[in-house]
Amino acid sequence: MQGKFITFEGGDGSGKSTQIKLLEEYLKVKGKDVITTKEPGGTPLGQELRRILLTGDVDKMDAKSEAMLFFADRRIHLTKKIWPALEKGQWVISDRFADSTKAYQYYGHNGRVSLPDLHNLYEISVGNFKPDLTIILDIDPEIGIKRSLNRAASAAVKEVRFENVDISFHKRLRQGYLEIAASEPERCVVIDANQSIESLHQEIIKEINKRLGI
Ligand code: TYD
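So, how was this worked out
Residues numbered from 1 in each chain as written. Predicted model: local features only at pLDDT ≥ 70, side-chain atom pairs only at ≥ 80, totals over all residues. Heavy atoms only, no water. Near = heavy atom within 4 Å. Polar contact = N/O pair within 3.5 Å; in protein donor to acceptor, adjacent residues only side chain to side chain. Helix = DSSP H or I, 4+ residues; strand = E, 2+ residues; numbered from the N terminus. Nonpolar A, V, L, I, M, F, W, Y, C, P; charged D, E, K, R; others polar. Pairing = 2+ DSSP bridges. Axes fitted to C-alpha atoms, helices over the stretch in contact; angles between N-to-C directions. Contact = heavy atoms within 4.5 Å. Buried < 20%, exposed > 50% of the residue type's maximum accessible area, 1.4 Å probe, protein only. Arc of directions from axis to C-beta. Parallel < 35°, antiparallel > 145°, perpendicular 65-115°, else oblique. Left-handed = near helix turned anticlockwise from the far one by under 90°. Phe/Tyr/Trp six-rings, centres within 6.5 Å; stacked < 30°, edge-to-face > 60°. Core = buried A, V, L, I, M, F, W, Y, C linked by side-chain atoms within 4.5 Å.

Asks: How should the site of the ligand be read in this particular structure?
Replies: For the ligand, the set of nearby residues contains 18 residues, the closest of which are Lys-16, Arg-50, Arg-96, Thr-101 and Gln-105. One nitrogen or oxygen atom from the side chain of Lys-16 is found 2.6 Å from an oxygen atom belonging to the ligand. Note that an oxygen atom of the ligand is positioned 3.1 Å from one of the side-chain N or O atoms of Arg-74. At four residues, helix 4 (residues 98-108) tops the list of elements feeding residues into the shell around the ligand. Class assignment for the residues of the shell around the ligand results in five nonpolar, three polar and 10 charged.

This is the structure in structure tokens:
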């Protein structure tokens, strides 16, 4: 595959979408053909899964069903959008990917889905493919939740299924991301998201240049 696949990860309200837009603009100026996308819901069919996954009661389905739906969304996303784009030489930036499932469904929800089950779902859905670079925006949950609840209050659709859980969930989530990053340092970089939009952008660019050599 010719293009590069960059994923952004982080707790709710870590500022991923703003940083993704800025990175997209930067890469375009550098002459890259870039697309941005997100999970869940990066495809039309995925949008339907997104509605099922993010609205309603936290406990409306069991953990394995939920994990399988996230991975179904992911595989549709890969086959319909990400892989074809990479094959064409495009750079793909995704707001969340498989680390989100590990962080939310395993770490956040206290191992409701086991790591071996998640590993198997990854093998089935994604195979031996992985992001070229994963940027984890690290934020104190107290700050992140406040940001994302402000946004949810003004949104038309209330997608707060995972934001309605308690602060300890978000602390486990943060710890989970740090563990994921520590276990795969060649793929993941953790960046402190509690800084200005511009300085965070500059730090991201520095990592992109260093690790992907543009
Ligand atoms: P989204 O509205 O995209 O918000 P943000 O990414 O800015 O937080 O919400 C996606 C939600 O879905 C978010 O709370 C994380 C959750 N999620 C999982 O629990 N598991 C997953 O595998 C993915 C991709 C997302």
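Alright, that's what it looks like, and here's the rest.
Asks: Looking at this structure, I do not really get the sheet that holds strand 5 (residues 188-192). What am I missing?
Replies: What links the strands of a sheet is backbone hydrogen bonding, and the strands pair in either a parallel or an antiparallel sense. Pairing in this open sheet of five strands is parallel, and the strands run 2-3-1-4-5 from one edge to the other. Looking at the sheet topology across the chains shown, the edges are occupied by strand 2 (34-38) and strand 5. On average, adjacent strands in this sheet sit at an angle of 20° to one another, irrespective of strand direction. As defined by bridge partners, strand 1 (residues 5-10) adjoins strand 3 (residues 91-95) across four bridges and the pair is classed as parallel. Looking across to strand 3, one finds that Thr-7 is bridged to Ser-94. The strands touched by helix 3 (residues 63-87) within the sheet are strand 1, strand 2 and strand 3, with strand 2 carrying the most contacts at an inclination of about 160°.

Asks: Before we go on, may I ask you to explain helix 5 (residues 115-125) in this structure?
Replies: Each turn of an α-helix holds 3.6 residues, which means side chains three or four residues apart point in the same direction. For helix 5, the full list of buried residues reads Leu-118, Leu-121, Tyr-122 and Ser-125. Seen from one end, helix 5 has its buried residues packed into an arc of 100°, which puts them on one side. Turned more than 90 degrees away from the buried face of helix 5 sit Pro-116 and Ile-124, all of them exposed. In this structure, the buried side of helix 5 is in contact with helix 3 and helix 4.

Asks: Sorry, what's going on with the packing of helix 1 (residues 16-29) against helix 8 (residues 197-212) here?
Replies: When two helices pack together, their arrangement is given by the angle between the helix axes and the distance between those axes. As a packed pair, helix 1 and helix 8 sit with axes 10 Å apart at the nearest point and diverge in direction by 55°. With respect to each other, helix 1 and helix 8 are oriented oblique. In this structure, the crossing between helix 1 and helix 8 has a hand that is right-handed. Listed contacts from helix 8 to Thr-18, Gln-19, Leu-22, Leu-23, Tyr-26 and Leu-27 of helix 1 are Ile-197, Leu-200, His-201, Ile-204, Ile-205, Ile-208 and Asn-209. For the contact of helix 1 with helix 8, the per-class residue count stands at nine nonpolar, four polar and no charged.

Asks: Is there a simple way to explain the packing of aromatic side chains in this structure?
Replies: By convention here, two paired aromatic rings are described through the distance between centres and the angle between planes. Applying the stated rule across the entire model yields six aromatic pairs. Ring centres of Phe-71 and Tyr-122 lie 6.4 Å apart, and the angle between their planes is 80°; on these two criteria the pair is classed as edge-to-face. Note that Phe-71 is positioned in helix 3 and Tyr-122 in helix 5, a separation of 51 residues in sequence. Measuring from ring centre to ring centre gives 4.8 Å for Tyr-106 and Tyr-107, while their planes differ by 80°; the resulting arrangement is edge-to-face. Overall, Tyr-107 belongs to the buried group, its relative accessible area being 18%. Of the aromatic side chains, those joined through ring pairs into one cluster are Phe-5, Trp-83, Phe-97 and Phe-129.

Asks: Hey, could you run me through unusual backbone geometry in this one?
Replies: Across the chain, the bulk of peptide bonds are trans and the bulk of non-glycine residues have phi less than zero. Cis geometry is adopted by the peptide bond preceding Pro-40, which originates at Glu-39 and carries an omega value of -10°. Inspection of the secondary structure puts Pro-40 in the loop between strand 2 and helix 2 (44-54). Of note in the backbone geometry, Arg-96 takes a positive phi value of approximately 80° without being a glycine. Here Arg-96 shows up in the loop between strand 3 and helix 4.

Asks: Help me understand the nonpolar core, please; the structure alone is not making it clear to me.
Replies: One broad trend across soluble globular proteins is that nonpolar side chains are buried collectively. In this structure, Ile-6, Phe-8, Leu-23, Leu-27, Ile-135, Ile-204 and Ile-208 are the most contacted members of the largest nonpolar core, which totals 21 residues. Residue assignment for this core shows that the elements contributing at least two residues are strand 1, helix 1, strand 3, strand 4 (133-138), strand 5 and helix 8. Among the elements that make up this core, the one with the highest residue count is helix 8 (five residues). Each residue touching Ile-135, except ones within four places of it in the same chain, is listed here: Ile-6, Thr-7, Phe-8, Glu-9, Val-189, Ile-191, Ile-204 and Ile-208. Membership of the second largest hydrophobic core comes to 19 residues, among which are Leu-78, Trp-83, Ala-98 and Phe-129.

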